[in-house]
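Observations on the model geometry
What follows is each chain in one-letter form.
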Amino acid sequence: MTYQETLDWMFGQLPMYQQKGAAAFNAKLDNIIHFCDVLDNPEKKFKSIHVAGTNGKGSSSHMLASILQEAGYKVGLYTSPHLKDFRERIKINGKVVSKKFVTDFIEQHKPFFEYHKLSFFEMTVGMAFSYFAEEKVDIAIIEVGLGGRLDSTNIITPEVSLITNIGMDHTQFLGDTLEKIALEKAGIIKPKVPVVISETQPETKMIFNLIAHQLKCNIIFADAEPANGYSTDLLGEYQQKNINGVVACIHQLDNFEVPDVAISEGLQKVVENTGILGRWQILMHQPLVVCDTAHNREGLQLVLDQVEKQSYSQLHIVLGFVTDKDVRTVLRLFPRDAKYYFVRPGIPRGMEAFELQELAKELGLNGKAYKSVEKGFKKALKNAEPKDMVYVGGSTFVVSEVV
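Anyway, here's the lowdown on the structure attached to this text. Quick caveat: nothing in here was measured; it's all calculated off a predicted structure. (Residues numbered from 1 in each chain as written. Predicted model: local features only at pLDDT ≥ 70, side-chain atom pairs only at ≥ 80, totals over all residues. Heavy atoms only, no water.)

**Notes on the sheet that holds strand β11 (residues 315-319)**
Spatially, the six strands line up as an open sheet ordered β9-β10-β14-β11-β12-β13, and their pairing is mixed. Each having just a single partner strand, β9 (281-284) and β13 (367-369) make up the two edges of the open sheet. Here the average twist between neighbouring strands, direction ignored, is 20°. (Pairing = 2+ DSSP bridges. Helix = DSSP H or I, 4+ residues; strand = E, 2+ residues; numbered from the N terminus. Axes fitted to C-alpha atoms, helices over the stretch in contact; angles between N-to-C directions.)

**Brief notes about the packing of helix α3 (residues 30-38) against helix α5 (residues 99-116)**
At a minimum axis separation of 12 Å, α3 and α5 run at an interaxial angle of 140°. With respect to α5, the axis of α3 lies oblique. Where α3 crosses over α5, the two elements pack in a sense that is right-handed. Of α5, the residues touching α3 (which contributes Asn31, His34, Phe35 and Val38) are Phe105, His109, Phe112, Phe113 and His116. (Parallel < 35°, antiparallel > 145°, perpendicular 65-115°, else oblique. Left-handed = near helix turned anticlockwise from the far one by under 90°. Contact = heavy atoms within 4.5 Å.)

**Concerning the sheet that holds strand β1 (residues 47-52)**
Read from one edge to the other, the open sheet built from eight strands follows the order β4-β3-β2-β5-β1-β6-β7-β8, with strand pairing classed as mixed. Lying at the two open borders of the sheet, with one neighbouring strand each, are β4 (95-96) and β8 (219-221). By the bridge criterion, four bridges tie strand β2 (residues 75-78) to strand β5 (residues 139-143) in an arrangement that is parallel. In the strand pairing of β5, leucine 77 is matched with isoleucine 141. Its contacts with the sheet place helix α9 (residues 202-214) against β6 (160-163), β7 (195-197) and β8, and it is angled at close to 160° to β8.

**Structural notes on the packing of aromatic side chains**
Using the criterion set out here, one finds 17 aromatic pairs in the structure. An angle of 40° between the planes, with centres 6.4 Å apart, marks the rings of phenylalanine 105 and phenylalanine 113 as tilted. Assigned by exposure class, phenylalanine 105 and phenylalanine 113 land together as buried. Seen in terms of ring centroids, tyrosine 340 and phenylalanine 342 are 5.6 Å apart; in terms of plane orientation they differ by 5°. Their pairing is stacked. The two residues tyrosine 340 and phenylalanine 342 agree in class, both being buried. Joined through ring pairs, the aromatic side chains of Trp9, Phe35, Phe46, Phe101, Phe105, Phe112, Phe113, Phe129, Tyr131 and Phe132 make up one cluster. (Phe/Tyr/Trp six-rings, centres within 6.5 Å; stacked < 30°, edge-to-face > 60°. Buried < 20%, exposed > 50% of the residue type's maximum accessible area, 1.4 Å probe, protein only.)

Structure (structure tokens):
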């Protein structure tokens, strides 16, 4: 198979959470454990940092990778979802995995995938772990896909675990309270492995303390001793919360020499070193056009606070969601004085733009509906004056169509 045929097979034949939602959620580790046994347990052949959390885990993972690269290490980075190309998920020192490795890996293990009905995510995790082991990385940053306890990545024993924060997202899988969600995320905490919590929250602090105590691990609440004096090229004031957790995480790493200059330089070169996309990404300056992948209440609140701090004459918002979000709750965060362009992300679970328009109208948010992200985005750009601002977001899959 060609690379494109391989991707079509992966995306089409097996459930993929990004496309299918709940139908793709496989709440057990049996498949990935069996598959990694077949692969000769690559997850035991490299050191790692495991990163979970509702918001900020992607940015934090890229920051960690950038810092360790600046310290001279060969660093694997596994994140999800991708925005433009599947290979963004699997990188070493910022360079994506080769098309040949992807096609060869799928070709070699296709009979196993078909027989055992592995999910898209299970295949991808096995591929990443094999690649990092084969390439002999010094350390890999492994971002959790969804939750923690039953996520396919949760077969590693890392050097440090990092949990950024807990918010109300994926409640149909993880539970409908912060406490229940925290229990799922805390599933990545391993015996005697230090754990860093980026943001202290009263609802979840006791749960993390209890589990850390049971597993005899050192627990650090990073915002108790904030990492002052550091800044990052990832824009948005909310990144300071991620910096606190990342710096605390680096300080917990044994057997790795990471000088302070590597931390400072690494935080300033995240985009250059890792190629991260879609985090308060400025696409244009006149008008100011910004996109951000924030897609739940807590994440969007931080980003909309940042939008409010910008200077502009008129705000234009290109907005789309997927169907399994609590859209009504999220829409209440958005300003009423903006001009809205409601769009449908081009995936099966994309919410219809006209449906979104009706919901928004009930809450005093007015605008027109467009059949695609491209059409809505083009209209916003056409209408915007040089001193205006255009914000594009609501879903990772809206952003993926404009970057």
